[in-house]
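Read off the chains here:
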Number of protein chains: 2
Amino acid sequence: MIRALTFDTYGTVVDWRTSVLDELRALADRKVLRLDSVLFLDEWKAAYRPGMDDVNRGTSPWTTVDAIYRRRLVELLPKHGVSLATDEIDALTRVWWRLRPWPDALAGLCRLKRRYILSPLSNASFIGMVELARWAGLPWDCVITAENARCYKPRPEVYRTAITLLGLAPAEIMMVAAHNYDLAAARGEGMATAFVPRALEYGPGQTTDLAPAQAWDVVAADFEDLATRLGC
Amino acid sequence: MIRALTFDTYGTVVDWRTSVLDELRALADRKVLRLDSVLFLDEWKAAYRPGMDDVNRGTSPWTTVDAIYRRRLVELLPKHGVSLATDEIDALTRVWWRLRPWPDALAGLCRLKRRYILSPLSNASFIGMVELARWAGLPWDCVITAENARCYKPRPEVYRTAITLLGLAPAEIMMVAAHNYDLAAARGEGMATAFVPRALEYGPGQTTDLAPAQAWDVVAADFEDLATRLGC
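No experiment lies behind these values; they were computed from the predicted model shown.

1. Quick notes on the confidence of the model for chain A
Consideration 1: Per-residue confidence for chain A averages 97 on the pLDDT scale, and 100% of its residues sit at or above 70.
Consideration 2: For this predicted complex, the interface confidence comes out at an ipTM of 0.95, alongside a pTM of 0.97.

Below, the structure written as structure tokens:
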């Protein structure tokens, strides 16, 4: 019996792409800059997986995604002709703490919370997930992130940390994600799995994660549908 | 500037004593038993600090307070002439997840949450703190417990774990507790401190923690007063 749901967050719960693009465009307007926001975001986001992989391979010590994004931002800004003060760089890095939930996410989470313990299980920093929840009103019962394990998904330690902290059998916890690789790793640890595709996470040209890659325990159209399928 | 408040929970946020006594008395009624509930609770609670000290000294591996309480319960029940099935023992152990907040706690926390990040920093198990929050409606932004550090307050690792996860300077975090020893340890790590006395935590005969033992940054009558003093 499922007792708790853990959620990938970037992409699965929140629409990071349009949220960050809006802030980049507002920055360009405010600074009267010509800025290719889509290209800028693509180049910024591209630092995310390699930065995490360095930690997972042990070639880098533990580094939060906030630090990975800030380091990349400091490289990118001059390349795009943008000059910002340190406090402006800090504020722009924190855009990853101000992301809009997908339209169905809050209503679905509130229904699911009545019956299940809800936690993010994200590669975000712990404080980043806390601030995002406060900003977006995400009704988590607790916060668990890669930072609790000091390595990144899909490393098994991340899922095992959640299983241990929640004090449940792996099969009593369902991982919810828009990414097949995340669910494959969770299944590898014995967790239940739910796929909620987010076909526009990477914009209109997205080619990955459009469909389930395995027979996941649940495939739901969105979080409201997930709540219905889980009896809420 | 304070950005987050961390709370001792047993005794500071919730009134464990009368909550557990009520359940023991209800159990005695249901089972038609003669049970000295106050003595039983005193003997049960007496296992708490020694069990944690064994972990802190390294003479015991990491053990949650749930496991410490369950082990003691299994010893105590026959001594008091009570025979329970395994599932009843499990349910009674979980009484520590069903504790009433002090009358001012919820209102104070809701006011404080508008301005500050709120987290427990308790010696409870992680799942115990999550379940207690769901049961009592505690509006935490996240949950941090001794289990995240795998040792117990007042070991410095527990406070340091909270400081690291919250990504703040120690002085930006205020420890709130009804126990002077807890605040002394938090101050030792550079945290701000608030004392909220709970003169009836141990019942009418309580002799400890009736007054602040040091000049804590804030001394408040209760959580509503704390909210007022912190500008909420």
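Let us keep going from here.
2. Re the sheet that holds strand β5 (residues 144–145) of chain B
All names here are of chain B.
Consideration 1: If you walk across this open sheet you meet the 6 strands as β5-β4-β1-β6-β7-β8, and the pairing is parallel. Among the strands making up the open sheet, the edge pair consists of β5 and β8 (218–219).
Consideration 2: Where strand β6 (residues 173–177) lies against strand β7 (residues 192–195), 4 bridges are found, and the strand directions are parallel. Considered in β7, the bridge of Ala177 is made with Phe195.

3. Concerning the packing of aromatic side chains
All names here are of chain A.
Consideration 1: Inspection of every chain in the model, using the stated rule, returns 24 aromatic pairs over all chains.
Consideration 2: An angle of 50° between the planes, with centres 5.4 Å apart, marks the rings of Phe7 and Phe223 as tilted. Linking Phe7 in strand β1 (residues 4–7) with Phe223 in helix α11 (residues 223–229), this pair joins segments that are 216 residues apart in sequence.
Consideration 3: On the accessibility criterion, Phe7 (0% relative accessible area) is buried.
Consideration 4: Judged by its relative accessible area of 0%, Phe223 is buried.

4. Notes on the relation of the copies chain A and chain B
Consideration 1: Least-squares fitting of chain A to chain B yields an RMSD of 0.0 Å, with the superposition described by an axial translation of 0.0 Å and a rotation of 180°. Taken together, the turn and the small shift mark the pair as related by a two-fold rotation axis. The rotation axis passes nearest to the C-alpha of Cys142(A) in chain A, at a distance of 2.4 Å.
Consideration 2: A share of 100% of the interface residues of chain A reappears at the interface of chain B, consistent with the copies meeting face to face through the same patch.

Definitions and cut-offs
Residues numbered from 1 in each chain as written. Chains lettered and ligands numbered in written order. Predicted model: local features only at pLDDT ≥ 70, side-chain atom pairs only at ≥ 80, totals over all residues. Heavy atoms only, no water. pLDDT = per-residue confidence, 0-100. Pairing = 2+ DSSP bridges. Helix = DSSP H or I, 4+ residues; strand = E, 2+ residues; numbered from the N terminus. Phe/Tyr/Trp six-rings, centres within 6.5 Å; stacked < 30°, edge-to-face > 60°. Buried < 20%, exposed > 50% of the residue type's maximum accessible area, 1.4 Å probe, protein only. Least-squares fit on C-alpha atoms with pLDDT ≥ 70 in both. Contact = heavy atoms within 4.5 Å.

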